[in-house]
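Architecture at a glance
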Amino acid sequence: MKKIYTIILLCTATIAFSQTDSRLYTIIDAVSADRIENDIKTLANFGTRNTFSDTVSETRGIGAARRWIKKEFEKISANCNNCLNVFYQKDFVTKEGNSRVPKDAWVVNVVAIQKGTKYPNRYVIMSGDIDSRASDTMDFTTDAPGANDNASGMAGTIEAARVLSKYSFENSIIYVGLSGEEQGLFGGQGLANYAKEQGWDIIGVLNNDMIGNIEGVDGVIDNRSFRIFSEPVPANETERERRSRRFYGGEVDGISRQLARYIHKKVQTYMPEMNPMMIYRLDRFGRGGHHRPFNDLGFAGVRIMEAHENYNRQHQNIREENGIKYGDVIEGVNFDYAKKLTAVNAINLASLAWSPLPPKEVEIGGVVEPSVKFRWKKSDDSNVIGYKIYWRDTTAPQWQYSRFVGNVTEFTLKGIVIDNYYFGIATVGKNGHESLIVFPAKVFR
């Protein structure tokens, strides 16, 4: 009888982590293109949201925009029994030493935190940018509606908060509007430093910058593809870690890359109509985004954005020349596409916020042996039902193979030679959600 009961428990556990979570489909359906459209229009109608624009007016400038965003977060909080902690986080930026800063000013972020029930100090972050710019980034008076760059990402962040505030999560979610992006990523740098000072345990940062354009400057029209930018290894890795990688591998297996793979897999599972493109680069060629300051401090972070950019609609004064219309105006935004990318964010925020704590001190062995071996320390999470080993060809972009090995602290994959694959381990929760995959950091013999 005891043996039968054990088999039943094992079968139940297997079913639990192999099934999809129907709540994620409900989250996808709840995202509203109409609400996103209204929010983008509101933000664009502030005229300019340049970081150094008017802060006093109620109808124009960055001050009016950030006050409106804060009020929207507060409305959402009021509808979920004050589930969001909404506040400004700011840093003073000076003209001296900053070539894109026309005058001294406060760079103000709007933060809304939905606290987790079990691990309130573990955070997954979705960000959009508040600010916009004209052709000249130093020009803070000319109209710069920034409908796609980046009212779309900001509106998506607000909409994700509306949808996910209806749920309860073990880990915390942060929805944030960041300022100063166009002048040098000041808002992201300020919040990343704040996170470090506060001792936040950040699971990952999903930076959304331009999620509404489907018509590329190259003539391509595509409302299903989007890009996930991620750098290969942490920017603050040690020299010892770099040397170790020469012999053991892992040059494309940093924490940001694992976050990108997680997002890619989740989209393919729950939104198969979409085409997520993993780009093996920090950001677009030679350019930057607000996930970078978090990466600089060793936090996992990626950029999610449209696949086909239209440079006539980026960083341009509104005008028409030789029959070509320039300017980042409402007409250039596809609201249904912005809805899709908002849903991409929402299901990944939810999955990560429902995910268990990852395994600790993952080690790998099996050098000059016929089978690869693993050992690790158990997660402190009581919701963990076991661990899952992943592996892939060294040239494969995604994890190809996996095996659930139960609630153990060591395991040998018999017949799998360590030299031929890369490996990682994730925890599996009772709710079926998995942690980010952890690449082994140590070798044992």
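In this report, we go over the structure that sits alongside the text. (Residues numbered from 1 in each chain as written. Predicted model: local features only at pLDDT ≥ 70, side-chain atom pairs only at ≥ 80, totals over all residues. Heavy atoms only, no water.)

Observations regarding the side chain of Arg-133
Looking at the secondary structure, you find Arg-133 in the loop between β3 (119–129) and α5 (151–164). Buried Arg-133, no salt bridge; nearest opposite-charge side chain is Glu-182, N-O distance 4.5 Å. Those residues in contact with Arg-133, other than ones at most four positions away along the chain, are Arg-100, Ala-144, Glu-182 and His-315. (Helix = DSSP H or I, 4+ residues; strand = E, 2+ residues; numbered from the N terminus. Buried < 20%, exposed > 50% of the residue type's maximum accessible area, 1.4 Å probe, protein only. Lys, Arg positive; Asp, Glu negative; His and termini not counted. Salt bridge = Lys/Arg side-chain N within 4 Å of Asp/Glu carboxyl O. Contact = heavy atoms within 4.5 Å.)

What to know about the state of the cysteines
On inspection of all chains with the given rule, the structure shows 1 disulfide. Shown here is the disulfide that connects Cys-80 with Cys-83, its sulfur atoms set 1.9 Å apart. Residues Cys-80 and Cys-83 share a disulfide whose torsion about the S-S bond is about -80°; that sign makes it left-handed. Of the residues examined, Cys-80 reaches a relative accessible area of 13% and is grouped as buried. (Disulfide = S-S within 2.5 Å.)

Let's talk about the sheet that holds strand β6 (residues 225–229)
Pairing is mixed across the open sheet formed by 8 strands, whose spatial order is β1-β2-β4-β3-β5-β8-β6-β7. Two strands in the sheet have a free side with no partner beyond their single neighbour: β1 (84–93) and β7 (275–279). Across the sheet, the mean angle from the axis of one strand to that of its neighbour is 25°, orientation sign disregarded. For β3 and strand β5 (residues 201–208), the ladder comprises 6 bridges, and the chain directions are parallel. Bridging from a neighbouring strand, Met-126 pairs with Leu-206 of β5. (Pairing = 2+ DSSP bridges. Axes fitted to C-alpha atoms, helices over the stretch in contact; angles between N-to-C directions.)

Some points on the packing of aromatic side chains
Evaluation of the coordinates by the stated rule reveals 16 aromatic pairs. Pairing Tyr-194 with Trp-200 gives two aromatic rings, centres 5.5 Å apart and planes at 80°, and the pair type is edge-to-face. When its relative accessible area of 24% is taken as the criterion, Tyr-194 is described as partly exposed. On the accessibility criterion, Trp-200 (9% relative accessible area) is buried. What links up through ring pairs into an aromatic cluster is the set Phe-374, Trp-391, Tyr-401, Tyr-421 and Phe-423. Sitting over the ring of Trp-354, Arg-23 keeps its end group 3.6 Å from the ring centre. (Phe/Tyr/Trp six-rings, centres within 6.5 Å; stacked < 30°, edge-to-face > 60°. Lys NZ or Arg CZ within 6 Å of the ring centre and 35° of its normal.)

Details of the packing of helix α2 (residues 22–30) against helix α11 (residues 335–353)
One way to put it is that α2 packs onto α11 with a least axis distance of 9 Å and a crossing angle of 150°. By crossing handedness, the relation of α2 to α11 is classed as right-handed. Mapping the contact onto sequence places Leu-24, Ile-27 and Ile-28 in α2 and Lys-339, Ala-343, Ala-346, Ile-347, Ala-350 and Ser-351 in α11. Grouping the amino acids of the contact of α2 with α11 by side-chain chemistry returns 7 nonpolar, 1 polar and 1 charged. (Left-handed = near helix turned anticlockwise from the far one by under 90°. Nonpolar A, V, L, I, M, F, W, Y, C, P; charged D, E, K, R; others polar.)

Thoughts on α11
Across its 19 residues, α11 extends 26 Å between first and last C-alpha, which sits within 8% of the 27 Å expected from 1.5 Å per residue. Summarising burial for α11: 16 of the 19 residues are buried, a large majority. Put simply, Asn-334 is the residue that caps the front of α11, since its side-chain oxygen is 3.3 Å from the backbone nitrogen of Asp-336. (Expected span 1.5 Å × (residues − 1). Polar contact = N/O pair within 3.5 Å; in protein donor to acceptor, adjacent residues only side chain to side chain.)

Examining the sheet that holds strand β14 (residues 401–406)
Across a sheet, strands are paired by hydrogen bonds formed along the backbone, either parallel or antiparallel in direction. Strand order in this open sheet of 3 strands is β14-β13-β16, and the pairing throughout is antiparallel. Two strands in the sheet have a free side with no partner beyond their single neighbour: β14 and β16 (421–429). Neighbour-to-neighbour, the strand axes of the sheet open up by a mean angle of 25°, direction not taken into account. Sheet topology note: the strand β13 (residues 384–393)/β14 ladder contains 5 bridges and is antiparallel. In the sheet register, Lys-388 faces β14, and the bridge partner there is Phe-404.

Section: the nonpolar core
In this structure, Phe-73, Leu-164 and Tyr-175 are the most contacted members of the largest nonpolar core, which totals 69 residues. Ranked by the residues each element gives to this core, the list is headed by α11, at 12 residues. Residue contacts for Leu-164: discarding those within four places in its chain leaves Ile-27, Gln-114, Phe-169, Ile-173, Tyr-175, Ala-346, Leu-349 and Ala-350. (Core = buried A, V, L, I, M, F, W, Y, C linked by side-chain atoms within 4.5 Å.)

Describing the environment of Ala-161
By secondary structure assignment, the location of Ala-161 is in helix α5. Sequence separation between Ala-161 and Ile-174 is 13 residues, and the spatial gap between their C-alpha atoms is 8.7 Å. Ala-161 has contacts with Phe-73, Ile-76 and Tyr-175, leaving out every residue within four places of it along the chain.

Some words on a nonpolar patch on the surface
A cluster of nonpolar residues, Phe-247, Tyr-248 and Val-443, forms a patch on the protein surface that exposes about 340 Å² of accessible area. One can find Tyr-248 in helix α8 (residues 239–248). (Patch = residues over 30% accessible without salt bridge, like charges linked within 9 Å, V, L, I, M, F, W, Y side chains within 5 Å. Areas by Shrake-Rupley, 256 points an atom, 1.4 Å probe, with all protein chains shown as cover.)

Quick word on the pattern of salt bridges
Applying the stated rule across the entire model yields 30 salt bridges. The salt bridge involving Lys-118 is made with Asp-381; its shortest N-O contact spans 3.1 Å. Within this pair, whereas Lys-118 is found in the loop between β2 (105–114) and β3, its partner Asp-381 is found in the loop between β12 (372–377) and β13, the two being separated by 263 residues in sequence. Since its relative accessible area comes to 6%, Asp-381 is described here as buried. With its nearest N and O atoms 2.8 Å apart, the salt bridge here joins Asp-253 to Arg-392. You can see Asp-253 sitting in the loop between α8 and α9 (255–270) and its partner Arg-392 sitting in strand β13, a full 139 residues away along the chain. Across this residue pair, the class does not change: Asp-253 and Arg-392 are buried. Put simply, Asp-209, Arg-227, Asp-283, Arg-284, Arg-287, Arg-303 and Glu-309 are held in one network by salt bridges that share partners.

In short, geometric facts, not functional conclusions.
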